[in-house]
Amino acid sequence: MKYIFTIFCLFAAAAADAQWSNTTNLFADNFHMTVCNATGDQQHSIVVRSYPDGGYFIVWEDKRLGFYGVTGLYAQKYDKDGNRLWAENGLPVSVSTNEQHFTYASNQDYRNRRVAASDKNGGLYITYLNDSVATYNWSRVCVQHLLADGSRVFAGAGYLAAQPIASSPVTYDSPQLIADDEGGFYVAYVSRNNSVGDYVEISNYKDVTGSMVFNGYGRMNQNAVSRRFDGPCIGSSRLELYYPGTNVIDYNIWPDLQGNCSVVMNMTGNIGSQGNMLCYNKLWKAKQAAAANVVRLYPTGDLNAFTINYSKGQVEVLYQLLWNALNRECASGQNHYLWVDYEVISQGYQVIAAGALSYFFPKGTTLTTPGNINVEVIASTRRTLENGSASAPVLFANAFADEQFAAIPYQRASNNNPIVGYNTVPPATLDSLKPFADSILSAGQNSYDFSLAAGANQLYASALVQEKTTDNFRKVYLQHMSVQSAGAGLYEVAFNSTGKTGEAIGAEINTGFGGSSISYDLPMVTANATGNALFSITEAGRYTRVSPVLQNAQLAWGAMGRAIGSPQINGNYVSPEQAFAALDPADGTGGISWTDARGNASGTGREILMRHLDNLNVNNYLPPNKTVQPLVNGSNFANPAYLAGSSKKYSAIEVVNFSTSSMSPVVELLDNYPLGAIQIGIYEQNGSIRNSNGKAYLNRNYTITPANNPNGAADIHLRLYFTIAQFDALKLADPGITDPGDLSVIKQPNNNNTTPDSYIPNGSEIEIRPVSWSAVSGGYYLEIVINSFSNFFIQKASAALPVTWLGVQATATGDGHAKISWQVADQVNVKEYTVQESTDGTVFTSACTVPATTSDNYACSLPLRNNAVSWYRVVQLDLDGRFTYSKLVSLRLAVPVILQVRPNPASNYLYVEGIGGFYQCEISDGSGRLLQRIASANAARPIDISKLPPGWYIISVKSDREQKSMSFIKR
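Residues numbered from 1 in each chain as written. Predicted model: local features only at pLDDT ≥ 70, side-chain atom pairs only at ≥ 80, totals over all residues. Heavy atoms only, no water.

A count of helical and extended segments in the protein chain gives two helices and 75 strands. Against the compact-globule benchmark of 30 Å for 971 residues, the protein chain has a radius of gyration of 32 Å, which places it among compact chains. Projecting the C-alpha coordinates of the protein chain onto the three principal axes gives extents of approximately 120 × 70 × 70 Å. Looking at the protein chain residue by residue over its 971 residues, the buried ones come to 58%. Relative to all contacts within the protein chain whose residues are 6 or more apart in sequence, the contacts with residues 24 or more apart total 61%. Surface summary for the protein chain: the accessible area is close to 38,500 Å², and the carbon and sulfur share equals 51%. Computing the positive centroid from 68 side-chain charges and the negative centroid from 77, the protein chain places the two 2 Å apart. (Helix = DSSP H or I, 4+ residues; strand = E, 2+ residues; numbered from the N terminus. Rg over C-alpha atoms; globule rule 2.2 N^0.38 Å. Buried < 20%, exposed > 50% of the residue type's maximum accessible area, 1.4 Å probe, protein only. Contact = heavy atoms within 4.5 Å. Areas by Shrake-Rupley, 256 points an atom, 1.4 Å probe, with all protein chains shown as cover. Lys, Arg positive; Asp, Glu negative; His and termini not counted. Charge placed at Lys NZ, Arg CZ, Asp CG, Glu CD.)

On the secondary structure map, F185 appears in strand β12 (residues 185-193). We classify F185 as buried; its relative accessible area is 0%. Along the chain, F185 and I126 lie 59 residues apart, while their C-alpha atoms are 9.5 Å from each other. With residues up to four places along the chain from it excluded, the contact list for F185 reads Y125, V143, L177, I178, A179, D180, S203, N204, Y205 and M212.

This part covers helix α2 (residues 724-733). Among all positions in α2, only Q726, F727 and L730 are buried. Along the axis of α2, the buried residues cluster in a sector spanning 95°; they form a single face. Seen from the buried face of α2, the exposed residues on the opposite side, beyond 90 degrees, are A725 and L732. (Arc of directions from axis to C-beta.)

For the rest of this paragraph, the subject is the nonpolar core. V667, L669, Y702, L718, F722, F792 and I794 are the most contacted members of the largest nonpolar core, which totals 37 residues. Membership of the second largest hydrophobic core comes to 35 residues, among which are W20, Y128, A582 and I608. (Core = buried A, V, L, I, M, F, W, Y, C linked by side-chain atoms within 4.5 Å.)

Below, the discussion takes up the state of the cysteines. A complete count under the given rule lists two disulfides for this structure. The side chain of C233 participates in a disulfide bridge whose partner is C330; the two sulfur atoms lie 2.0 Å from each other. Between C233 and C330 the disulfide shows an S-S torsion of about 85°. By sign, it is right-handed. On the criterion of sequence distance, the pair formed by C233 in the loop between β15 (225-230) and β16 (237-242) and C330 in strand β23 (residues 322-332) is long-range, its members being 97 residues apart. Take C233: its relative accessible area is 8%, and that puts it in the buried class. Across the disulfide from C848 sits C860; the S-S distance is 2.1 Å. Its S-S torsion of approximately -55° makes the covalent link between C848 and C860 left-handed. One end of the pair, C848, is in strand β64 (residues 845-851); the other, C860, is in strand β65 (residues 857-863), with twelve residues separating them in the sequence. (Disulfide = S-S within 2.5 Å.)

Throughout the structure, instances matching the rule amount to 33 salt bridges. Residues D734 and K796 are paired through a salt bridge, measuring 4.0 Å at the closest nitrogen-oxygen approach. Here the residue D734 occupies a position in the loop between α2 and β56 (743-748), and K796 occupies one in strand β60 (residues 791-796), the gap between them amounting to 62 residues. Accessibility expressed as a relative area gives 17% for D734, which makes it buried. For K796, a relative accessible area of 25% gives the class partly exposed. (Salt bridge = Lys/Arg side-chain N within 4 Å of Asp/Glu carboxyl O.)

Below, the discussion takes up the confidence of the model for the protein chain. Summary statistics for the protein chain give a mean pLDDT of 89 and a share of 94% for residues scoring 70 or more. For the protein chain, helix α1 (residues 9-12) is the element with the lowest average pLDDT, namely 36, and strand β7 (residues 116-118) is the one with the highest, namely 98. Here residues 1-17 scores under 50 on pLDDT; set against residues more than four positions off or in separate chains, the count is 36 contacts. (pLDDT = per-residue confidence, 0-100.)

A few words now on the sheet that holds strand β40 (residues 544-548). Read across the sheet, four strands follow the order β38-β39-β40-β41 without closing on themselves; strand pairing throughout is antiparallel. Only two strands of the sheet have a single neighbouring strand rather than two, namely β38 (524-527) and β41 (562-563). The pairing of strand β39 (residues 533-538) with β40 spans five bridges and is antiparallel. Bridge assignment links I537 to a residue of β40, and that residue is R545. (Pairing = 2+ DSSP bridges.)

Okay, structure coming up:
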């Protein structure tokens, strides 16, 4: 077949321009990339990584022909540096005049399905439905191959993978597509026939210079039963083969990491004894030629041994429908009867679970181990019958070992069992997995969709869950699990978070008023090949939020992540929807795309946007905040927030300046306590500096009202942001101020939760000295530590500090303790000193208290924690309740380290063990030339070395304590 070129492809590269206008995660609107803003609505974007060039494909459904025109599919490609490679506003995927779409009617979010994949040569395969409205036929399943230069391989509607035949009752829908390991792909769809039921059908193809090569096909859910009837003689019976058919409610495919296609199906057998079933199967390829000696039964019942020869590349179904046809006879009087009994010995699928009321939103994924098995995980939301009543739906997962086979799977290998249909005995050398079948997210009142992702040996899931019927909101749950060693040749699926419900990381807020409410769409988790993951969620009316996921399901960028944009642009709400992210396999970068309404203001309709993400695998990294900006004069309200106390990171809360449509940070809170819903009011005075009792104070004050005010139960780190102009005005009014270090915060109780327009002392306020301050883009922040919330004003500190800190030290004493020492001067009105310790330098707990004396030297001894680095600080408490903090000091333990690399030699991945808390790996060749750097590493996650040529290498690992090196061999 000839390639079909569109003329604008020929000059697209010449018109390309650099798109990554920001690579520091500064989430300002002017750094968003417009993928398509053609007239008419664009929606449902997906992002696919391109191999081996590291670029990105964006594909979307497009209504540029008008609201009443047909929907088409368009695509765009960017290189790894963000240069647009194809024509402006994208290329049409096909030239069909029929309706085209890769989304279809379903309760499941379209982003949970795979419909496009790299061809591993810089191009893209994509599947879609082409509605043949011109001839009133049902939809056709089509595939298009877009080459690296944007040219279409197949003319017209694309390659027809499945097409209804006139007058046939068979229809096709729900196409999905994944790549194989040889530059081809698997395409799946549902074949529906009212008289015989539904089949999930999967085919393997590869485009070879314009000709689609068909490698094999399989039906993944062939279903039959043996029905028993009375025989012709008294007391006899006979078995007939009956095909009850199935109704396929939902299904999903995924790559098994060996070049094969796994599938999970939610279906019902059309006889009462089968009912609701969650089923699994796989379409696999023989990796090399193999022969399997198997046994069936002759019609006489004698053993029939024969050989099945598999050729390399042959495609087969793993679990196949098989039966024995056996001759039977009986005599009754003068009559002799003959018939054939059909005994079903294996179904064309494997039942994972059965008997629940239903299995909603089935999904599957594959995890790796350093051994000779992978782990397949299947999850669905299900209800069960308990004492005659339906249980609350819960996300339930099943995990099972999947052989990393060398030639053919052991299920299809030689065996002498004629009554099962496949080999059930794994090889003696095959590793094993502890059984796992358990709930992994919280139960809800309704069956809920969820996202499921895996990379290396790490597993993630997330969902919005309404836990109680009385709740008018949903909680955001995030689960983090992993496959871990449980002994020699044995593995287990373990929870990395605190339990089977996952971590509650956020919640919606329903106040009945949009400005103070929060509503989310489906939370998504995306993982790369090294196991690093990105969480993303769109806040309705505002913007998409993103964050890398840390161990224990913590978000690295604070509560619910960081917002990547603003709710308003040029005075118009942009209403982003359906964010879709893709990650680089190893380097900590990614791209995210979404539908945006900013084009509505110009009459062009909704459009597709994208931006670059980086530093996704850098420990203790937070994106820079947006520029601090002035607000409108008078009362302002920050975007509402919900802090569950789970991320243990600083969480930025922002305000929209509706006069300029700009976003500005006003508060940062350390997310270490479940504050719940937080409302923040800010009063902005744009006139002359304000005074109280003759003393100037800042022209910005804050009122913070959490749902769960700690009231002494926890220390909360709070950062208050203000502009350069506001500080300069205060400094001009009070010449004693030289820098923000001369300021303090006045905390005043607030009984009505409204933000006052001025500071009126009433004798109940306290003055809080900041623990730090910092200059930031457009302004400054003061950081204070508080244990409750109210009104906050800023002015010059009233007096000198009650103590002068001279020094703080932490030393190991050799007996399992740490000695914390500190020296002070000028003690005035000091009550006591408290030493606080931390394992991360962020969340501190009080460890010992020492009363103040006339001495200038203090110390206390604490048991050493079993941690690579421990952090310490000292809190000075004044007699009138005020307090200040010393600087932070750390203590690093010297622990003997033995570095281990396994396996060694290695082929595609290796693990590094024996050095705790390491954060960077570097791989060099024998001459010392640096070949690969992994910015963040973890002993539980593999390092991808598949692109290295065979040879001898050095791996260097850095931790907070030291650096170690070791050699390994790449096979």
